[in-house]
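Now for the letters of each chain:
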Amino acid sequence: MQNLTKICEHCQQNFIITEGELALYKKVEIELPTLCNFCRIKLHLSFWMFGKFRKGKSDLSGESLITVLPEKNRYPIYTLHEWHSDKWDAMSFGQDYDPTKPFFKQLQDLQGKIPRPHQNGTKNTRCDWCDDVWNCKDSYLSRSMIDCENLFYSYRNLRVKNSIDVIVCFDSEKCFNSENCYNSYKLFYSRHSRDCIESFFLYDCRNCQNCFMCWNLRNKSYCIENVQYSREEYLEKIKSFDLGSYKSIQNHKKGFEEIIKNKVVHRLNFNFRIYNSEGDYLQDCKNCHNCFTISSSQDCFNCIRGDNEKTNIDGNGCWNAELNGNSNCCHDNYSIKYSNWSSSRYSEYVDLCIECEYCFGCVGLKKKKYCILNKQYEKNEYETLKNKIISDMKKRGEYGKFLPYSMSAGPFNFSTSFHYFPETKREDILKLGGYWEDVDESDIEGTPSSELPDDIKDVQDDITTKALICPETGWRFNIAQNELTFYRENNIPLPRYHFDVRIKDSLKYLTVLQAYPYKCFYCQKDIMAYYKPEWGYKKIACEECYKQNIA
Ligand SMILES: [Zn+2]
Ligand SMILES: [Zn+2]
């Protein structure tokens, strides 16, 4: 086998399918892609909503609910509880296959009739204002987390407690405004650090305590800008830093960004315990190529965000998945192709299907077998009709493609995809049949956040009753009572921007999907690293030099 060059149907750029990918496509038994890797990811992640939290009503019972699904939509919304109940039957929407019409058109017609659950996740307590949360408690306006408690405005966390504005953090407590940090306590304004306590503005530090504005440090206490102080000197200096003032924090942030650019020695990537794998944010992975943010996985290609994946290709947001191809947000499955938000086996083109087997082109089914377009068939009928549809789809050039943009749950600019591809334009998505929504809230009343007191100590209790207006989006946000307590306890100034804007801002450092060529700062060797050239990082080290100099 040899590498294959193709032209992407969406962006018209050449792309290469490598020998390794070809072998895996064959093993997973899916068609070769007609889109380049980036356009595939972009399409998949557009099915993963990152909408604004809003109040709504169940289309079944009228019960009130809070959802991130758009207000203007093509499908009914039921509460999660109703969706899983027997109060409705997805099979009652079954359709006959019409060979004269494109299959995607028929599937989309069916999809438009099937309700969607208002929220994703299970086993949560008091997490109404959350989405995609699993086994969590008492959290507010947070998403994509497992085993978390008392989180505010946070995204993609695992076992984190009592924290605000934390993104992609693990096993931590009482942290604020930090990204990709592990096993830490009272860590503020920090990035890529582990095992740190009561510290501010740390970058790539490990096992540090009471440190301020430090980078690449290991096992230190009472350091400021990597300079050692005595305990007394440190505490005295910290007092003078005026951390309760918004203006002063903005200045510290600027200083921090300059340090990250000019002084930090950057690793090639943030992979941990990997074997024969490339990508970024990989942990305990073996033979995983071009993968990002996945853990405990093996023999995968082109996968983003997943856990316990085996022999998967072009799978995003998948966990406990094997022989999975060209699918999005599918978990606990085996041999699933071209599918979305499902946990099933031996099925293709299924959307929101739970514990199904041998289904083709179905939506919202639970525990079914041999169904096509939500209609029940005998095993033999199923095989015959499935083969007929595949052959028709091949003639129309449909078979092997993921679901079209028009079947996504809402506007592209309110999906996870927009985090990874923020430069995407409205017209590009509309041309591909997708959705876009410009939210104009300029008429909303509230206090511009620029009018807030600079210092947290000057904030009055009644702030929690006020609507604040974000200067970037014009969106309204509030300060919750527990949130205010946290800021006061930790001397943190009030936020000025809407929480979704803050998340988006933090995420931009964690969503790079390609490596760029650099020279090692120490040995001048050619290296590839996952940092955008426009960030202007001066010191990037090859693996050996990083180990030797930073460890
Ligand atoms: Zn492309
Ligand atoms: Zn080097």
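Before reading further, recall that the structure is shown in the block above.
Right, let's walk through the structure included here. Because the structure is a prediction, the values reported are computed rather than measured. Residue positions are counted from 1 within each chain, in the order its sequence is given. All chains are assigned letters beginning with A, and all ligands numbers beginning with 1, in the order in which they are written. Totals for whole chains, interfaces and linings use every residue, but because this is a predicted model, local features are given only for residues with pLDDT of at least 70 and side-chain atom pairs only at 80 or more, for both listing and counting. Here the side-chain values reflect all heavy atoms present in the structure, with hydrogen atoms and water set aside.

The next subject is the overall build of the protein. Helix and strand content of the protein: 12 helices and 32 strands. Computed over C-alpha atoms, the radius of gyration of the protein comes to 25 Å, within 12% of the 24 Å expected from 2.2 N^0.38 for 551 residues, which places it in the range of a compact globule. For the protein, the spread of C-alpha atoms along the principal axes amounts to about 80 × 60 × 40 Å. Taking contacts inside the protein between residues at least 6 apart in sequence as the whole, the part at least 24 apart equals 38%. Of the roughly 24300 Å² that the protein leaves accessible, carbon and sulfur atoms contribute 48%. None of His or the chain ends enter the tally, which takes Lys and Arg as positive and Asp and Glu as negative. Lys charges are placed at NZ, Arg charges at CZ, Asp charges at CG and Glu charges at CD. Within the protein, the 76 negative side-chain charges are centred at a point lying 2 Å from the centre of the 74 positive side-chain charges. Elements are defined by DSSP. Helices are runs of H or I of four residues or more, strands are runs of E of two residues or more, and each kind is numbered from the N terminus. Only the C-alpha atoms count toward the radius of gyration. The rule for a globule is 2.2 Å times the residue count to the power 0.38. Contacts: residue pairs with any heavy atoms within 4.5 Å of one another. Only the protein chains shown count as cover for residues, and all accessible areas are computed by the Shrake-Rupley method using a 1.4 Å probe.

Taken together, the buried positions of helix α4 (residues 103-113) are occupied by Phe 103, Phe 104, Gln 106, Leu 107, Leu 110, Gln 111 and Gly 112. Residues of α4 that are buried make contact with β6 (116-117), β24 (343-351), β25 (354-363) and α7 (379-396). The buried label goes to any residue with under 20% of its type's maximum accessible area, the exposed label to any with over 50%, and the partly exposed label to all in between, with areas taken from a 1.4 Å probe on protein chains only.

Right, let's get into the pattern of salt bridges. Salt bridge criterion: a side-chain nitrogen from Lys or Arg within 4 Å of a carboxyl oxygen from Asp or Glu. This structure, assessed with the given rule, holds 26 salt bridges. Two residues, Glu 236 and Lys 239, come together in a salt bridge whose shortest N-O distance is 4.0 Å. With a gap of three residues between them, Glu 236 and Lys 239 both fall in helix α5 (residues 231-240), about one helical turn apart. An identical accessibility class is assigned to Glu 236 and Lys 239; each is exposed. One salt bridge connects Asp 455 with Lys 457, and the closest N-O pair in it is separated by 3.6 Å. Accessibility expressed as a relative area gives 9% for Asp 455, which makes it buried. Lys 457 gets classed as exposed once you look at its relative accessible area, which sits at 66%. A single salt-bridge network, built from bridges that share partners, covers Glu 21, Arg 40 and Asp 314.

Moving on, we get to the coordination of the zinc ion (ligand 1). Within the first shell, the zinc ion (ligand 1) binds the protein through Cys 8 (SG), Cys 11 (SG), Cys 36 (SG) and Cys 39 (SG), at distances of 2.3 Å. The rule for donors is simple: an N, O or S atom within 2.8 Å of the metal counts, and for Na, K and Ca the reach is 3.2 Å. Water is not among the atoms, so a site may look short of donors. Every angle between 85 and 135 degrees makes a four-donor site tetrahedral, while opposite donors more than 155 degrees apart, with all other angles between 65 and 115, make a four-donor site square planar and a six-donor site octahedral; other sites are irregular. Coordination at the zinc ion (ligand 1) comes from four donor atoms whose angles at the metal span 104 to 117°, giving a geometry best classed as tetrahedral. When the donor residues of the zinc ion (ligand 1) are listed from N- to C-terminus, their spacing reads C-x2-C-x24-C-x2-C. Of this pair, Cys 8 sits in the loop between β1 (4-7) and β2 (14-17) while Cys 36 sits in the loop between α1 (19-28) and α2 (37-45), and the two are 28 residues apart along the sequence. The same class applies to Cys 8 and to Cys 36, which are both buried.

Okay, the sheet that holds strand β29 (residues 468-469) next. One open sheet holds the three strands; their spatial order is β28-β29-β30, and the pairing between them is mixed. Two strands lie at the open edges of the sheet, namely β28 (447-448) and β30 (476-477), each paired on one side alone. By this definition, two strands are paired if DSSP reports at least two bridges between them.

Glancing now at the coordination of the zinc ion (ligand 2). Those donors, Cys 520 (SG), Cys 523 (SG), Cys 542 (SG) and Cys 545 (SG), are the protein atoms that reach the zinc ion (ligand 2), and they lie 2.3 Å from it. Every donor counted, the four donor atoms about the zinc ion (ligand 2) form angles of 98 to 116° at the centre, which fits tetrahedral coordination. Read from N- to C-terminus, the donor residues coordinating the zinc ion (ligand 2) fall into the pattern C-x2-C-x18-C-x2-C. One end of the pair, Cys 520, is in the loop between β31 (516-519) and β32 (526-529); the other, Cys 542, is in the loop between β32 and α12 (543-549), with 22 residues separating them in the sequence.

Next up on the list: unusual backbone geometry. Although it is not a glycine, Asp 132 sits at a positive phi angle of roughly 55°. By the element assignment, Asp 132 lies in strand β7 (residues 130-134). For Asp 132, a relative accessible area of 7% translates into the label buried. The backbone phi angle of Ser 335 is positive, close to 50°, even though this residue is not glycine. Turning to its location among the elements, Ser 335 is positioned in strand β23 (residues 331-337). Residue Ser 335 is classed as buried on the basis of its relative accessible area of 14%.

One turn of the α-helix equals 3.6 residues, which is why residues spaced by three or four share an orientation. Restricting attention to buried positions, one finds in helix α10 (residues 481-490) the residues Glu 483, Leu 484, Phe 486, Tyr 487 and Asn 490. Take α10 and look down its axis: the buried residues cluster within an arc of 160°, on one side only. Tucked into the core, α10 has its buried residues touching β9 (149-152), β11 (161-167), β12 (176-179), β13 (185-188) and α11 (499-507). Positive backbone phi, at 55°, marks Asn 491, one or two positions downstream of α10. Picture the helix axis, draw a direction to every C-beta atom, and the arc is the one those directions span.

In this analysis the probe radius is 1.4 Å and the grid spacing 1 Å, with only protein atoms considered; a cavity is a set of points the probe fits into but cannot get out of, a pocket is an open set with protein on both sides within 12 Å along at least five of seven lines, and lining residues have an atom within 4 Å of a point. Grid points are joined across faces, edges and corners, and a volume is the space filled by probe spheres set on the points. Per the counting criterion, the structure on display carries four cavities of 30 Å³ or more. Considering only enclosed or pocket space, the largest cavity measures out at about 180 Å³ in volume. Taken together, 15 residues line the largest cavity, and the ones lying closest to its centre are Leu 69, Arg 116, Pro 117, Asn 120 and Trp 341. Counting residues per element, the ones that place at least two in the lining of the largest cavity are β6 and β7. Space inside the second largest cavity adds up to approximately 110 Å³. Its residues assigned to classes, the lining of the second largest cavity shows four nonpolar, three polar and four charged. Gly is placed with the polar residues, together with every amino acid not listed as nonpolar (Ala, Val, Leu, Ile, Met, Phe, Trp, Tyr, Cys and Pro) or charged (Asp, Glu, Lys and Arg).

Stacked, tilted and edge-to-face are the three classes applied to pairs of Phe, Tyr and Trp rings, where Trp contributes its six-membered ring and a pair requires centres within 6.5 Å; stacked means planes under 30 degrees apart, edge-to-face means over 60, and tilted covers the rest. Within the structure shown, the criterion is met by 47 aromatic pairs. Considering the side-chain rings of Tyr 203 and Phe 256, the 6.4 Å spacing of their centres and the 65° angle between planes classify their relative orientation as edge-to-face. Taken together, the residues span a long stretch of sequence, with Tyr 203 in strand β14 (residues 197-203) and Phe 256 in helix α6 (residues 246-262) at a distance of 53 residues. Site record: aromatic cluster; members linked through ring pairs are Phe 176, Phe 188, Tyr 189, Phe 200, Phe 201, Tyr 203, Phe 212, Phe 241, Phe 256, Phe 486 and Tyr 487. To sit over a ring, a charge needs its Lys NZ or Arg CZ within 6 Å of the ring centre and within 35 degrees of the ring normal. Taking the ring centre of Trp 48 as reference, the NZ or CZ of Arg 156 above it sits at 5.8 Å. Positioned over the ring face of Trp 83 is Lys 366, at 4.7 Å from the centre of the ring.

It is worth spelling out the environment of Lys 105 at this point. Tracing the chain through its elements places Lys 105 in helix α4. Placed 356 residues apart in sequence, Lys 105 and Asp 461 show a C-alpha to C-alpha distance of 55 Å.

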